[in-house]
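# What the coordinates show
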Amino acid sequence: MLVTGGSGGIGAACVRLFAAEGAEVVVQYHRGRERAEAAGGNAVLQADLRDEAQVARLFDTAGPLDVCAAVAGVWPADDVPVAELSLERWRETIDANLTATFLTARAFLAQLGDREGALVLVGSTAGLFGEAGHADYAAAKSAILGGLLLSLKNEAVRRNPRTRVNAVAPGWTVSPMAERLLDDDQVARITRTMALRKVATADDVAAQIVALASPLLSGHVTGQVVSVAGGMEGRVLHGDARTKDGGPEAAA
């Protein structure tokens, strides 16, 4: 099986959990070979997933695969409203997330042929609720969780009626990409929209990816999005715990 983005927090957690289940894991990374190697796995391969020639080489080198966890993606940290968003950043974000996922899915399904397999895509709660200042990222992840996922799950069964395609939508997660932003004030603010008042770990997300990849646990599940975000909604559920009573005024 293949895990993309194996040098990141969620990707590395996937490698560890799949390996613990006895899977032979190929780990893809773009930058950060040492982090990818530290995750474990049976082979570590470099590729820029925005480049179709490099993606083709990755899959040729990896050999036959029956499972793919398309974890790789990039969240641009700078908060930029659409009125000021450059076309350059828009294109970079779309390529790093949507295009990379498309090329990964295309290559995986092409090599899978008529064998049974499972593909798990990784979106974001930004693709479900939107994210002010990150419309480029939200648009890319929404496309992954919507049109791409639903099209792929219907196409995959044309070759094998048991091939499944699902997705996870992580919310805020402690990972190298986000942890520098997760100070106490930020955690207090973002968890006001979550029933479970905590930020996810990479293992929380990876566990759902492993479950969706399993034909035993999810053999009759396809085209589904599992949100791994502590029950996040697009509204405030809690007052600010740092106020005296956390009353309505805290949510204003």
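Our subject is the structure that appears above.
Residues numbered from 1 in each chain as written. Predicted model: local features only at pLDDT ≥ 70, side-chain atom pairs only at ≥ 80, totals over all residues. Heavy atoms only, no water.

## Remarks on the sheet that holds strand β2 (residues 26–29)
The 7 strands lie next to each other as β3-β2-β1-β4-β5-β6-β9, forming an open sheet whose pairing is parallel. Lying at the two open borders of the sheet, with one neighbouring strand each, are β3 (43–46) and β9 (225–228). Contacts from helix α6 (residues 135–156) reach β5 (118–122), β6 (164–170) and β9, with the element oriented near 165 degrees to β6. (Pairing = 2+ DSSP bridges. Helix = DSSP H or I, 4+ residues; strand = E, 2+ residues; numbered from the N terminus. Contact = heavy atoms within 4.5 Å. Axes fitted to C-alpha atoms, helices over the stretch in contact; angles between N-to-C directions.)

## Quick notes on a nonpolar patch on the surface
Together, L128, F129 and V225 make up an exposed nonpolar region whose accessible area comes to about 240 Å². In this structure, F129 sits in helix α5 (residues 126–129). (Patch = residues over 30% accessible without salt bridge, like charges linked within 9 Å, V, L, I, M, F, W, Y side chains within 5 Å. Areas by Shrake-Rupley, 256 points an atom, 1.4 Å probe, with all protein chains shown as cover. Salt bridge = Lys/Arg side-chain N within 4 Å of Asp/Glu carboxyl O.)

## As for the environment of T99
One can find T99 in helix α4 (residues 87–112). In this structure T99 comes out as partly exposed when scored by relative accessible area, which is 22%. Each C-alpha atom, one on T99 and one on R50, is 6.2 Å from the other, the two residues being 49 residues apart in sequence. The residues contacting T99, other than those within four sequence positions of it, are L49 and I94. Within the structure, the side chain of T99 is placed 2.9 Å from the side chain of D95, a separation counted as a polar contact. (Buried < 20%, exposed > 50% of the residue type's maximum accessible area, 1.4 Å probe, protein only. Polar contact = N/O pair within 3.5 Å; in protein donor to acceptor, adjacent residues only side chain to side chain.)

## A word on α6
In this model, α6 (22 residues) spans 30 Å end to end at C-alpha, consistent with the 32 Å of a helix rising 1.5 Å per residue. At L148, α6 is bent by approximately 40 degrees, the largest bend along its length. Buried within α6 we find D136, Y137, A138, A140, K141, I144, L145, L148, L149, L152 and A156. Where α6 is buried, its residues meet α4, β5, α5, β6 and β9. (Expected span 1.5 Å × (residues − 1). Bend = angle between axes of the 7 residues up to and from the residue.)

## Quick word on the nonpolar core
Formed by 31 residues in total, the largest nonpolar core has its most connected members in F59, F108, L119, L121 and L152. The element that contributes the greatest number of residues to this core is α4, accounting for 7 residues. For F108, the residues in contact, after removing those within four places along its chain, are F59, L65, D66, V67, C68, A118 and L119. Counting residues in each nonpolar core, the second largest holds 29 residues, with V15, A39, V44 and V67 among its members. (Core = buried A, V, L, I, M, F, W, Y, C linked by side-chain atoms within 4.5 Å.)

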